[in-house]
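Residues per chain, in single letters:
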Amino acid sequence: METKDRARWTYFGEMFEAVARQGIDELEAVETLLAALRGGLPAYGYRRQFTFKDSCKVERLPRDIHPQLVPITIWRDSGEPRGDLTSFWEDDPEEPEVWISIDWVSGIVESMDWELTNFEHLRTDFSAIRIARKDADHLLGALAGKPKKRPGRPSGPSNHWEQERVADALRLIEAGDTRPATAIAMNLTNSTLTGSALKSQQIRIARGINTALAAESKNPVQNKRN
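Scoring rules and cut-offs
- Residues numbered from 1 in each chain as written.
- Predicted model: local features only at pLDDT ≥ 70, side-chain atom pairs only at ≥ 80, totals over all residues.
- Heavy atoms only, no water.
- Helix = DSSP H or I, 4+ residues; strand = E, 2+ residues; numbered from the N terminus.
- Buried < 20%, exposed > 50% of the residue type's maximum accessible area, 1.4 Å probe, protein only.
- Contact = heavy atoms within 4.5 Å.
- Areas by Shrake-Rupley, 256 points an atom, 1.4 Å probe, with all protein chains shown as cover.
- Phe/Tyr/Trp six-rings, centres within 6.5 Å; stacked < 30°, edge-to-face > 60°.
- Lys NZ or Arg CZ within 6 Å of the ring centre and 35° of its normal.
- 1 Å grid on protein atoms, 1.4 Å probe; cavity = no way out; pocket = protein on both sides within 12 Å on 5 of 7 lines; lining within 4 Å.
- Points joined across faces, edges and corners; volume = space filled by probe spheres on them.
- Polar contact = N/O pair within 3.5 Å; in protein donor to acceptor, adjacent residues only side chain to side chain.
- Pairing = 2+ DSSP bridges.

Chemist: Looking at this model, I keep getting lost on the overall build of the protein. Mind explaining?
Modeler: Helices and strands together make up the secondary structure of the protein, namely 8 helices and 8 strands. For the protein, with 226 residues in total, the buried portion stands at 34%. In the protein, once contacts between residues fewer than 6 apart in sequence are set aside, the share between residues at least 24 apart is 55%. As displayed, the protein offers around 14300 Å² of accessible surface, 53% of which is attributable to carbon and sulfur atoms.

Chemist: Before we go on, may I ask you to explain helix H5 (residues 133-143) in this structure?
Modeler: Every α-helix carries 3.6 residues per turn, so stepping three or four residues along brings you back to the same face. Along H5, the residues that are buried comprise Asp135, Ala136, Leu139, Leu140, Gly141 and Leu143. Contact partners of the buried residues in H5: strand E1 (9-11), helix H2 (12-21), helix H3 (26-38) and strand E8 (120-132).

Chemist: How should the packing of aromatic side chains be read in this particular structure?
Modeler: Any aromatic ring pair is given by two values, namely how distant the centres are and how the planes are angled relative to each other. Considering all chains together, one arrives at 5 aromatic pairs under this definition. Aromatic side chains Trp9 and Tyr44 sit 5.6 Å apart centroid to centroid with 70 degrees between the ring planes, which places their arrangement in the edge-to-face category. With a gap of 35 residues between them, Trp9 in strand E1 and Tyr44 in strand E2 (residues 44-53) connect regions that are remote in the sequence. Among the aromatic residues, those joined into a cluster by ring pairs are Phe12, Trp75 and Trp104. The lysine or arginine in question, Arg130, covers the ring of Trp9, its NZ or CZ lying 4.3 Å from the ring centre. The ring of Trp161 has Arg165 lying over it, and the distance from NZ or CZ to the ring centre is 4.7 Å.

Chemist: Would you mind showing me how to read the layout of surface pockets here?
Modeler: Taken as a whole, the largest pocket holds about 300 Å³ of empty space. In this structure, the largest pocket is lined by 17 residues; those nearest its centre are Pro71, Thr73, Ile74, Ser111 and Asp113. Sorting the residues of the lining of the largest pocket by element identifies E2, helix H4 (72-76), strand E6 (99-103), strand E7 (108-115) and E8 as the ones contributing at least two each. By residue number, the principal contributor to the lining of the largest pocket is E7, which donates 4 residues.

Chemist: Help me out: how do you make sense of the side chain of Asp125 in this one?
Modeler: Here Asp125 is to be found in strand E8. One polar contact links Asp125 to Arg123, side chain to side chain, over a distance of 3.0 Å. Setting aside anything within four residues of it in sequence, one finds Asp125 in contact with Tyr46, Arg47, Arg48, Phe50, Val109, Glu110 and Ser111.

Chemist: What is the right way to look at the environment of Gln49 in this model?
Modeler: Note that Gln49 resides in strand E2. The spatial distance from the C-alpha of Gln49 to the C-alpha of Arg60 is 5.5 Å, given a sequence separation of 11 residues. Every residue in contact with Gln49, bar those within four places of it in the chain, is listed here: Val58, Glu59, Arg60, Leu122, Arg123 and Thr124. Engagement of the side chain of Gln49 in a polar contact is seen with the side chain of Thr124, the distance being 3.3 Å.

Chemist: Would you mind showing me how to read the environment of Ala181 here?
Modeler: Residue position: Ala181 is located in helix H7 (residues 181-188). With near-sequence residues (within four places) excluded, Ala181 lies in contact with Ala206, Ile209 and Asn210.

Chemist: So what exactly am I meant to see when it comes to the side chain of Thr51 here?
Modeler: Along the polypeptide, Thr51 turns up in strand E2. Every residue in contact with Thr51, bar those within four places of it in the chain, is listed here: Cys56, Lys57, Val58, Arg60, Glu120, His121 and Leu122.

Chemist: Would you take a moment to explain the pairing of E6 for this structure?
Modeler: Working note: regular strand, side chains alternate between the two faces of the sheet. Sheet topology note: the strand E5 (residues 86-90)/E6 ladder contains 5 bridges and is antiparallel. By the bridge assignment for E6, Phe88 is matched with Ser101. In this sheet, E7 lies alongside E6 in antiparallel orientation, the contact comprising 5 bridges. Within E7, the position partnered with Ile100 by the bridge is Ser111.

Right, here's the structure in full:
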């Protein structure tokens, strides 16, 4: 059960290891992650809290033994990421009373604020911060330039231009072209495309051709072309 639960999460440190392996700009990765967190992406970490009595730091017990949700106000007030992959904000540079410090790669947040019930300083630290693995994979995919999957998107032509190329192919077939749909589609793709984009368009046009031919074979009268 513990292993299964562990597989659902990605710790910040693991995410930045993946960023380094894929050659993604680390500061861009921090900025993208922070934007998602400010937008409501939930992150969890192990929390410790401290109050101060006679200038001594005293831990508030019992200590949390399960990851706690990091408040969204932390991310929204954190300050912008710096080149060393940290963020820091303070209310008054000369005499700071409230501040937030974030080490993104380590997944550590430290903050100082006022507790309004008894108006004393409360320090809150989060460590081993993590987000859902599916969210981490989505962010990494976007950073790596992978196209977003669109649920329910048809497997054939994706725009009017590709639909017109399918119509061109059907006219060629009606005129006697006996080549496979993939070969006809290859000659009808956008000449400016290369690599995977070219292959994807060829596949979409070919599927459009085969879908139209299959529909004609089932309904020869209704689908007869002039």
